[in-house]
Amino acid sequence: MNNPSVHETKVLEFWDELDLVTKVMEKNRGKKKFSFFDGPVTANNALGVHHAWGRTYKDVVQRYKALKGYDQRLQNGFDCQGLWVEVEVEKSLHLDSKQEILDFGLDRFSVACKDRVGTYSQVQTEQSRRLGQMMDWKNSYYTHTDQNIEHIWHFLKECHKNGWLYRGHHPMPWCWRCGTSLSSHEQVDSYREMTHTALYAKFPFKDGSLLVWTTTPWTLPANVAVAVNPEFEYAAFELNGEVLYAGSWLRNTLLKKYNVQDIFTGEKLVGEGYSYPFENDHQFPRILVAWDKVNMEEGTGLVHMATGCGLEDYQRGKELDLTVLHALDESGHYVEGYHEFSGKFYAEVNLMVAQFLSRNDLLFKEESYNHRYPVCWRCKEELVYRLVDEWFISSEEVRPLLLEVSESVVWDPPYLKKQFQNWLENMGDWCVSRKRFWGLPLPFYPCDCGHLTVLGSRADLSSLPQELHRPWIDEVEVNCEKCGQPVKRVLDVGDCWLDAGVMSFSTLNYLGSYEYWQEWYPADFVCEMREQTRLWFYSMMYMGVTLTGSPPFKYVYSYEKVDDKDGNPLHKSSKNVIWLDEVLKDTGADVLRALYLSQNRKRNMRFDLKRADFHVKTLKQFYNYVKFLVTYADLDAFQFDAEFRVRDNLLDKWMNARLQQFVEMADQLYSSYQFVELITEFTEFVEELSNWYVRRSRRKFWVEDMSHEKGSAMNTLFFVLKTLAVVVAPMFPFLSEVVYQKLKKYAHGEVSVHLEKFSEHLPITDSKLLTLMCKTREFTSLGLQLRQSMHKKVKYPLKECLLFVSEPGLYEFTGLLKEELNVERVRFLDSLDWYVKIELKPNYRLLGAKLGSRTKLLKRTLQSLSQSEMKDYALRCKELSLDLNGELLDVNSENFTTVLHWRAGYRGITSPFGSLLLSEAESPDLVYEGKYRVFLRYVQLERKRLNLQISELVEMRFNTTDKSLEDFLWRKESRLRSEARLSGIRRLEVNTGDVVLDTLNLEFSLLN
Ligand SMILES: [Zn+2]
Ligand SMILES: [Zn+2]
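Draft legend 1. Main features of the overall build of the protein. Scanning the protein for helices and strands turns up 32 helices and 40 strands. In terms of overall dimensions, the protein is more spread out than a globule: its C-alpha atoms have a radius of gyration of 41 Å, far above the 30 Å expected for 1008 residues. Each of the three principal axes of the protein carries a C-alpha extent, and together these read 120 × 90 × 55 Å. Taking all 1008 residues of the protein together, the buried fraction comes to 57%. When contacts within the protein are restricted to residue pairs at least 6 apart in sequence, long-range pairs at least 24 apart make up 76% of them. Accessible surface for the protein amounts to roughly 44,100 Å². Of this, 48% is attributable to carbon and sulfur atoms. Of the charged side chains in the protein, 126 are positive and 141 negative, and the gap between their average positions amounts to 9 Å.

This is the structure we're talking about:
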């Protein structure tokens, strides 16, 4: 147990030999189904701890369902295509651009990508197994397979049939490093605070200049128009003969030194021409145009428009029929036709433009500008907007259906539903193409005749290429459906969310075996991070609804992110990444799983292994009781006898009832996925098992022969531990297996705990017993508190304990109380009258001011108050008010202090559920009983020191000057023999004992 990775590795080997996964699936085959869809993990790197959170939930749920007898597929998924993989392969091959990849050879590059996902899917498989994930690893799905590709082709063809597929030519957010555009679902959250340089440029206009503001100077050479808001007020500003045109509201700020010459509405400017200051191949008349998006918050009220460099500019330009100027190429460099700017990187153009304007006296001002700016989600480079041809699926028709269908899904936590629907309401068309290499080949074959052929399966290809990937598939031509001419495929690959989103069809072979697909679609449960609402959950829903009109999942379970212990996001680059292997090696999988399960999943998790100590302690306790039981069970050649347990011993009966209660709660919490509550219940149960049941029962195990009492306790403890192993197996698969294997020899069992049935919980017949035991424990803790205030340690026996309580059922529990509180007897009182006097002390500081001269009246009224009235108030929580000449004064803990005067010789304590008194007198016989216990404890310590096995009987020799103690010991000889495991007891003639106990005036030795 000290190094969990030792026993966990052994357990893994045991499961392998057993082929446990296959056995689990076979056991439940044909029974009621539980369908789970795994969101594929990118098979691109080793797993970090942030991957293991969701994997723990997935495994707990599936293991639980296996114990409940559900037929499951247990299929894991790997995401194998797309930019993620390409970027890593580029790094490992030291390639730095798309051109370098082409020079390297696309075929070699594709093979390298495929190899990488092959390698890392293996690594991740091993890591997941080590975490305890029970999946059918031989049967994992991979998104780069023909089966996956064909199912996406089928989906795209259906979209085409619906008339949703189109090719768009407009500016898209573009990563110049990755050479690809990004779609809106990829871009959400990928913003950074950044500082850019904003320019105020002067464009010659009439007798002066338009003052135009921009935060992207590099787009100025691609200017096609300047927009004004026709509703706003503009002005001609003059200073030293220079005239500037801008929004009139700038007279108090930017242009306050200028004189206002003229004021007019923006309307007047619309249609006027201005001079475009750049020399290049794009000379045509530029005019001012109207745009109601122009605002007063930023800039000058005159907005530079570059229709090829921004989506909004493009859309407005389209309405006005403005020219669209193509500015950047794939790598972020200016295209031909822009003279000095052509061939220059956009970031360099930013500087060149400022210099150009300054040189030509066209720069009014430069300033720093802070804003949130989009970056590439993958490589974190700044994005630019660039005019591109991309393929889109129109979302207009499917949107209402998506909204309707998502209503029927259970979202956990529930606020996800709103987030998902907001996303659906605001999503644009789905941009499905990427200008990259290792990805889904889009099956689009546009012909010169204007017809677009979309393939729906491999069979539509005239000949099969070596692989359905670039470059091989690019060689194959198909004949145009309309004119019969051979046509080439577009070179684009697909958005990787197509790859993952199609899994609810491809992994169930929707196209090949419709019946099988029907059996498992939709999923009963999916579980991923919250950000997947706009990624995987979204693409899966989109594809499911498009192909079948129904949702691909019924229940979404989601969680947040893992940060480091200080709350910083985990990044490989910032070196705080925590690798899963290291944690598993040092901490072990069970404890790591406990850490995840106890985390509130609505908040980011601060990953801190210090928090694991708590769970380590609980799991160790559980394990130690198993060891404890095994020790005695082996001595007694114990075999479990179900009839034996639950007879008449109160503690055993209680333990069984408490177990039933725990099992029932656990069942409910598992099936409603409430894992924080579940692990809390488990911890509490172990605490009660430890600090109440085992501690109270321990002595029964020391008795040498199998007494009736001992048999009952042993059977009970065995049953509890074995049941517990099964119930917590989904959470702690390793420890529960270790425990189960240890216990198996005492009763019939399965080969592995994971082949067990989740314990059928019986109706709790004894809920009264549970309540009473709970009260007993409360009284025990009250009594111990009281003892502490009396400075009477528990080892000194007291004469009696008195209980004043309205619960008659507690009579049965006096034995427990007697021992716990170490008193000679427990008595129940009908009334406290004889034992306590109540005194109410007014708080004069508070009441004096309020009552003034009536304070004396208060004193008199108090004196006339009867003890029973005061007891009703103080002990039974009844309301009490004092009549001060017709005015009522409520008595409460604020204005009165209640003092309890206990009868001489007693001390008491009260609580809402009753009162408890202890006599101050010690009991003479019990004093020796106390000494006996102290003595016994030292004997056991000595046995431990001598390394004696529990089965070894030894002789004891003792000597004492306390005659009464000696008499007592001889009287208790048989008990001492059995509890200390002695073969004989002799009195020493001289004082030569090995252990000298001064407080008892006693010494002794053990001889074997
Ligand atoms: Zn990038
Ligand atoms: Zn054609």
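Having seen it, we continue.
Draft legend 2. The arrangement of the nonpolar core in detail. Judged by nonpolar contacts, the single largest core of 167 residues is most densely connected at F622, F675, F682, F935, M956 and F1004. With twelve residues, helix 22 (residues 675-702) is the largest single contributor of residues to this core. Counting residues in each nonpolar core, the second largest holds 76 residues, with C159, W164, W430 and L468 among its members.

Draft legend 3. Local environment of the layout of surface pockets. Volume-wise, the second largest pocket comes out at about 1,300 Å³. Every element with two or more residues in the lining of the second largest pocket is listed here: helix 21 (650-671), helix 22, helix 26 (814-821), strand 30 (823-828), helix 30 (924-945) and helix 32 (973-980). Per element, the largest residue contribution to the lining of the second largest pocket is nine residues, and it comes from helix 30. Its residues placed into classes, the lining of the second largest pocket shows twelve nonpolar, six polar and 16 charged.

Draft legend 4. Seen up close, the coordination of the zinc ion (ligand 1). C175 (SG), C178 (SG), C376 (SG) and C379 (SG) make up the full set of protein donors to the zinc ion (ligand 1), lying at 2.3 to 2.4 Å. Seen from the zinc ion (ligand 1), its four donor atoms lie at angles of 102 to 118°, and the figure they make is tetrahedral. Sequence spacing of the donors to the zinc ion (ligand 1): C-x2-C-x197-C-x2-C. Residue C175 is located in strand 4 (residues 165-175), and its partner C379 is located in the loop between strand 15 (363-374) and strand 16 (384-393); the two are separated by 204 residues in the primary sequence.

Draft legend 5. Quick peek at the sheet that holds strand 5 (residues 180-181). In space, the four strands of this open sheet follow the order 5-4-16-18, with antiparallel pairing throughout. Whereas interior strands pair on both sides, the edge strands pair on one side only; in this sheet they are strand 5 and strand 18 (430-431). Both strand 4 and strand 16 contribute to a ladder of ten bridges, which runs antiparallel. Residue H170 lies in a different strand from strand 16, and its bridge partner there is V388.

Draft legend 6. Geometry of unusual backbone geometry. Cis geometry marks the peptide bond from D412 to P413, where omega comes out at 5°. Here P413 shows up in the loop between strand 17 (410-412) and helix 12 (415-426). Following R470, the chain continues into P471 via a peptide bond in cis, with omega recorded as 0°. Despite not being glycine, A637 has its phi angle at roughly 45°, a positive value. By secondary structure assignment, the location of A637 is in the loop between helix 20 (612-635) and helix 21. Relative accessible area serves as the criterion here: at 64%, A637 is assigned to the exposed category.

Draft legend 7. Helix 29 (residues 867-876), seen in detail. Listed in full, the buried residues belonging to helix 29 are M870, K871, Y873 and L875. The buried residues of helix 29 occupy one face: seen down the axis, they fall within an arc of 165°. In this structure, the buried side of helix 29 is in contact with strand 31 (836-842), strand 34 (896-902), strand 35 (906-911) and strand 36 (914-919). Positive phi shows up at C877, right after helix 29, with a value of about 60°.

Draft legend 8. Expanded view of the packing of helix 12 against helix 17 (residues 536-548). Taken N-terminus to C-terminus, the directions of helix 12 and helix 17 make an angle of 65°; their axes are 11 Å apart at the nearest point. For the crossing formed where helix 12 meets helix 17, the hand is right-handed. Residues F420, W423 and L424 of helix 12 form the contact with helix 17, whose participating residues are F537, Y538 and M541.

Draft legend 9. Representation of empty space enclosed by the protein within the structure. Overall, the coordinates contain three cavities of 30 Å³ or more when judged by the stated rule. The space that makes up the largest cavity amounts to roughly 100 Å³. Lining of the largest cavity is provided by 13 residues; of these, G82, L83, R434, G494 and C496 occupy positions nearest its centre. Empty space within the second largest cavity amounts to approximately 40 Å³. Around the second largest cavity, the lining residues are A594, H615, T618, L619, I679, F682, T683 and F732.

Draft legend 10. Representation of the side chain of E681 within the structure. Tracing the chain through its elements places E681 in helix 22. Buried and unpaired, E681 has R658 as its nearest opposite-charge partner, separated by 4.6 Å. With near-sequence residues (within four places) excluded, E681 lies in contact with F662, M665 and L669.

What counts and what doesn't
- Residues numbered from 1 in each chain as written.
- Chains lettered and ligands numbered in written order.
- Predicted model: local features only at pLDDT ≥ 70, side-chain atom pairs only at ≥ 80, totals over all residues.
- Heavy atoms only, no water.
- Helix = DSSP H or I, 4+ residues; strand = E, 2+ residues; numbered from the N terminus.
- Rg over C-alpha atoms; globule rule 2.2 N^0.38 Å.
- Buried < 20%, exposed > 50% of the residue type's maximum accessible area, 1.4 Å probe, protein only.
- Contact = heavy atoms within 4.5 Å.
- Areas by Shrake-Rupley, 256 points an atom, 1.4 Å probe, with all protein chains shown as cover.
- Lys, Arg positive; Asp, Glu negative; His and termini not counted.
- Charge placed at Lys NZ, Arg CZ, Asp CG, Glu CD.
- Core = buried A, V, L, I, M, F, W, Y, C linked by side-chain atoms within 4.5 Å.
- 1 Å grid on protein atoms, 1.4 Å probe; cavity = no way out; pocket = protein on both sides within 12 Å on 5 of 7 lines; lining within 4 Å.
- Points joined across faces, edges and corners; volume = space filled by probe spheres on them.
- Nonpolar A, V, L, I, M, F, W, Y, C, P; charged D, E, K, R; others polar.
- Donors = N, O, S within 2.8 Å, 3.2 Å for Na, K, Ca; no water.
- Tetrahedral: all angles 85-135°; square planar, octahedral: opposite > 155°, others 65-115°.
- Pairing = 2+ DSSP bridges.
- Arc of directions from axis to C-beta.
- Axes fitted to C-alpha atoms, helices over the stretch in contact; angles between N-to-C directions.
- Left-handed = near helix turned anticlockwise from the far one by under 90°.
- Salt bridge = Lys/Arg side-chain N within 4 Å of Asp/Glu carboxyl O.

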